[in-house]
Amino acid sequence: MHTVSLVELAEDGETLSENVLTFEVAEGQVLWESLELQGHELPSGCLAGSCGSCRINVIEGEENLSKLSVIEKDTIDHLNESYLETHGKDWIEGKNLRLSCRSKVFGDIKIHVLKK
């Protein structure tokens, strides 16, 4: 079992310690499905990796997620372009976008749900 920490971030990017949820996720389980089974529903749309509604920022443990599939990479590339246009380069630098509906967990991670 691996620990998934779901955090809320303040505007300065610091973790709000009182707003951290933790979940235990089995090896190789899809992140979105695992949290849903535990009663916590992350944002979603198509659940196929095409719409990007389930986007997350991996704060720690990016190496503990499955490799990007072609579909996920294409969607994340489009999301990065969109964020670049709407929020600027400084906002997207240092963020590790992934899709919770496509990411399988292979170790502990800390994530933040990104809004549109």
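Structure: see above.
The numbering scheme is per chain: residues are counted from 1 as the chain's sequence reads. The predicted nature of this model means local features are confined to residues of pLDDT at least 70 and side-chain atom pairs, given and counted, to a pLDDT of 80 or more, with totals for whole chains, interfaces and linings taken over all residues. The side-chain figures draw on all heavy atoms in the structure; neither hydrogens nor water molecules are used.

Trainee: Residue-level account of the overall build of the protein chain, with values.
Mentor: Helix numbers and strand numbers start at the N terminus; a helix is a DSSP run of H or I with at least 4 residues, a strand a run of E with at least 2. Within the protein chain, the secondary structure is distributed over three helices and five strands. The N-to-C order of helical and strand elements in the protein chain reads β-β-α-β-α-α-β-β. With the radius of gyration taken over C-alpha atoms, the globule rule is written as 2.2 Å times the number of residues to the power 0.38. Taking 2.2 N^0.38 as the reference for a compact globule, 116 residues should give roughly 13 Å; the C-alpha atoms of the protein chain span a radius of gyration of 13 Å, in line with that estimate. Along the longest, intermediate and shortest principal axes, the C-alpha atoms of the protein chain span 40 × 35 × 25 Å. Only protein chains enter the accessibility calculation, which uses a 1.4 Å probe; a residue whose area is less than 20% of its type maximum is buried, one above 50% is exposed, and one in between is partly exposed. Within the span of the protein chain, comprising 116 residues, buried residues form 37% of the whole. Sequence separation of at least 24 residues holds for 66% of the intrachain contacts in the protein chain that already meet a minimum separation of 6. Here the Shrake-Rupley method, with its probe set to 1.4 Å, supplies the accessible areas, and only the displayed protein chains count as covering residues. When the accessible area of the protein chain is evaluated, it comes to approximately 6700 Å², of which 48% is carbon and sulfur surface. Any pair of residues with heavy atoms lying within 4.5 Å of one another is described as a contacting pair.

Trainee: Can you tell me about the side chain of S103, naming the residues and giving the values?
Mentor: Here S103 is to be found in the loop between β4 (97-99) and β5 (109-113). Only 3.5 Å separates the side chain of S103 from the side chain of E72, close enough to count as a polar contact. If near-sequence neighbours (up to four positions away) are discounted, S103 is found in contact with Q29, V30, L31, L65, S66, E72 and R98. Counting of polar contacts relies on pairs of N or O atoms within 3.5 Å, with two restrictions inside protein: one atom must be capable of donating a hydrogen and the other of accepting it, and residues adjacent in sequence are counted only when both atoms are side-chain atoms.

Trainee: Can you lay out the pattern of salt bridges for me, pointing to particular residues and giving the numbers?
Mentor: Salt bridge, as used here: a side-chain nitrogen of Lys or Arg that lies within 4 Å of a carboxyl oxygen of Asp or Glu. Applying the stated criterion to the full structure yields four salt bridges. K110 is paired through a salt bridge with E60; the nearest N and O atoms lie 3.5 Å apart. Of this pair, K110 sits in strand β5 while E60 sits in strand β3 (residues 55-60), and the two are 50 residues apart along the sequence. K110 gets classed as partly exposed once you look at its relative accessible area, which sits at 21%.

Trainee: Before we move on, could you go through the environment of A48 and cite the residues and values that matter?
Mentor: Positionally, A48 belongs in the loop between α1 (31-37) and β3. Judged by its relative accessible area of 33%, A48 is partly exposed. Sequence separation between A48 and M1 is 47 residues; the distance between their C-alpha atoms is 25 Å. Setting aside anything within four residues of it in sequence, one finds A48 in contact with I71, C101 and R102.

Trainee: Quick one: what's the story with the pairing of β5, residue by residue and with numbers?
Mentor: Each regular strand carries side chains that alternate between the two faces of the sheet. Counted residue by residue, β5 has four buried out of five residues, so it is predominantly covered. A pair of strands is treated as paired once DSSP finds two or more bridges between them. Pairing of β3 with β5 involves four bridges; the strand directions are antiparallel. Opposite V58, over in β5, you have I111 as the bridge partner.

Trainee: Just give me the short version of unusual backbone geometry, but keep the residues and values in it.
Mentor: Notably, L47 is not glycine yet its phi reads approximately 55°, a positive angle. Relative to the assigned elements, L47 resides in the loop between α1 and β3.

Trainee: Report on the nonpolar core, specifying residues and quantitative values.
Mentor: Here the nonpolar core consists of buried residues drawn from Ala, Val, Leu, Ile, Met, Phe, Trp, Tyr and Cys, with membership extended through side-chain atoms lying within 4.5 Å. By size, the foremost hydrophobic cluster in this structure holds 24 residues, and its most contacted members are V4, L31, L35, V105, I109 and I111. Among the elements of the structure, β1 (2-9), β2 (15-25), α1, β3, α2 (70-87), β4 and β5 are those that each provide at least two residues to this core. Those residues in contact with L31, other than ones at most four positions away along the chain, are V4, I56, S100, S103, V105, I109 and I111.

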